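Listed below, chain by chain, are the residues.
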Amino acid sequence: MMIQLQKTMLTAVMIGLLASPLFAEDKLATPKEVDYSYITAETIFTLSLYPNRVLTNPDNKLYPLEIISAAGIKELGIDPVDIESILGVVEPPMNSPMPGIGFILKTTKAISINQFLPNLKDQYTEGELDGKSYRKAAVPMGVSIYQQDEKTFVFANEPFLEKLLKTKKEPVDCPLKKQIPENALQSDIMATLYLDPVKPMLAGVVAMAPIPPEFEELRIVPDLISFIQIRLNLNSNFNAKLSLFSKDEEETEMLESVLNKAIADIQKEFIGRMPADRPEPVERAMAQYMKRISEYYANALRPIRKGKELYLEGKGDTMSHASTAGVLMALLLPAVQQARTAARRTQSKNVLKQIGLAFHNYHDVYNIFPARASFDANGKSLLSWRVHILPFLDQKDLYDQFKLDEPWDSKHNKKLIFQMPMTYQNPNFQEKNYKTNFLLPVGKGTLFEGKEGLRIRALTDGTSNTIIAVEADEDQAVIWTKPEDLSYNPEKPMTGLGNLRPGGFNILLADGSVLFISVDLNKDTIRSLMTFAGGEVINGF
């Protein structure tokens, strides 16, 4: 029952937040300020809103008033336009497992208590409090309804209801009440949260939160905030203000510094995801747009410091432009991302086709495929196959610079690492670290199990059923000259594959064709493709 009642009350609050439209002039009214004398000494959260003012504002004439009215009558029992104000009050759990939650509704006209929550009448009993009968929840944690006067109704769980009524009679001072500004009535909606009482609990949550190392400083933010306040005006001159209050100006200055650094770091990370040096014109243009938008949002999100307050404020035009930019980004990003993914996949396929052509040209010259590496007299690997096919990739000048009798990391050969051909650069890698993920599968039964290359005629499974090279995951990438490739394990044939791009990975077959393989492909089929003479029957893939 408690959950259902809270859902009903939340519906009423949301109706107040969303509504406004087509109404008669006689419903227009100037509201009285919510009665803050209900706020208890231990209150940590308050919410005030003025449904009638919002709903009867001519600026809001395009909202579906008919639907809002019908929903309010069905769920709450009265038309939301008849609610002058709502004050929400919340206390943390004290002597009860449940927090104290209460709503004080002021109506524009006299209303009977029996009109409220018509669908839940059977979940109430008649109670008495302060000499008045009221609708008492039938369950201990339910929400009761008390009629203070003909236009004032208190909704609260027991025994918080009694505490609210007592506080109304004998108002108390509390930190949160002092935080209510004198011009609070000017806001259609205002919410204030007092953090100090719940900071020990927050500390535990923040300590367990998985915050990236570069944003570790954000862990101190809750300690620097005593109050959070949000104010909204829902008219044609829409205005929103978020305020963070610290206990003194020194902490406010520290909070400003931490938040500004975080904003700068996020902006840098955001721009870094769309490098401006991409070859495709559309990607470059998108990177420029993202940079411009990120600068706009970074400036808009930088808080203003005034004494012990740090605040952000957005007005109609600013909020409209920001939301429009956000919508444009939401529409453009998926399309650009999809186009970028397709372009990179195609680039990768073209690279593998070049490698396949180089393998076959090598075979035409030497009557054998290149071995996975060259070896010295003691069987120590020297240089990768990627070096030995350079002449067949129009890179003979680079090939001639290598000392073929020295290992890849010798003093001489090491200098040539920085001349990695673009052929080996995967388009998915954002940084050029002279590593490649175009690798040969090396292991039992593969084409490159031994130290010698093989002739095409040795591929008894067929060239169209044998993998030469794969596009491995980024964490499998190796320095391009290093004689190292993908270690193939028949028990786990997908290890190191399928995580670079969504859905699958590219493979180069011995006939020179390149295919995109789904990560959902049957593992037995992958095993069959990895071998060159296993005799397996492959029924399409």
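No experiment lies behind these values; they were computed from the predicted model shown. (Residues numbered from 1 in each chain as written. Predicted model: local features only at pLDDT ≥ 70, side-chain atom pairs only at ≥ 80, totals over all residues. Heavy atoms only, no water.)

Considering all chains together, one arrives at 1 cavity of 30 Å³ or more under this definition. In this model, the largest cavity occupies a volume close to 40 Å³. Of the residues assigned to the lining of the largest cavity, the class counts are 4 nonpolar, no polar and 4 charged. (1 Å grid on protein atoms, 1.4 Å probe; cavity = no way out; pocket = protein on both sides within 12 Å on 5 of 7 lines; lining within 4 Å. Points joined across faces, edges and corners; volume = space filled by probe spheres on them. Nonpolar A, V, L, I, M, F, W, Y, C, P; charged D, E, K, R; others polar.)

Let's shift gears to the confidence of the model for the protein. Mean pLDDT over the protein: 83, with 86% of residues reaching 70 or higher. Ranking the helices and strands of the protein by mean pLDDT puts helix H10 (residues 385-388) first, with 95, and helix H1 (residues 2-18) last, with 45. Low pLDDT, under 50, characterises residues 1-29; the stretch is placed with 75 contacts to residues that sit more than four places away or in other chains. (pLDDT = per-residue confidence, 0-100. Helix = DSSP H or I, 4+ residues; strand = E, 2+ residues; numbered from the N terminus. Contact = heavy atoms within 4.5 Å.)

With that settled, consider unusual backbone geometry. For the bond from Glu158 to Pro159, the omega torsion is 0°, close enough to zero to count as cis. Even without glycine at this site, Leu117 takes up a positive phi of about 45°. Positive phi is not limited to glycine here, since Tyr434 has a value of about 60°. Along the chain, Tyr434 falls in the loop between helix H11 (396-401) and strand E15 (435-436).

On to the nonpolar core, then. Grouped together as the largest cluster of nonpolar side chains are 35 residues, with contacts concentrated most on Tyr36, Val154 and Leu161. If you look at the next biggest cluster of nonpolar residues, it comprises 34 residues, including Leu383, Ile389, Leu398 and Leu416. (Core = buried A, V, L, I, M, F, W, Y, C linked by side-chain atoms within 4.5 Å. Buried < 20%, exposed > 50% of the residue type's maximum accessible area, 1.4 Å probe, protein only.)

This part covers the pattern of salt bridges. Tallied over the full model, the rule gives 18 salt bridges. Two residues, Glu309 and Lys241, come together in a salt bridge whose shortest N-O distance is 3.4 Å. Of the two residues, Glu309 sits in strand E12 (residues 309-315) while Lys241 sits in strand E10 (residues 239-245), which places them 68 residues apart along the sequence. On the basis of relative accessibility, which here comes to 23%, the residue Lys241 falls in the partly exposed class. One salt bridge connects Glu484 with Lys482, and the closest N-O pair in it is separated by 3.1 Å. Among the residues examined, Lys482 registers a relative accessible area of 27% and is labelled partly exposed. (Salt bridge = Lys/Arg side-chain N within 4 Å of Asp/Glu carboxyl O.)

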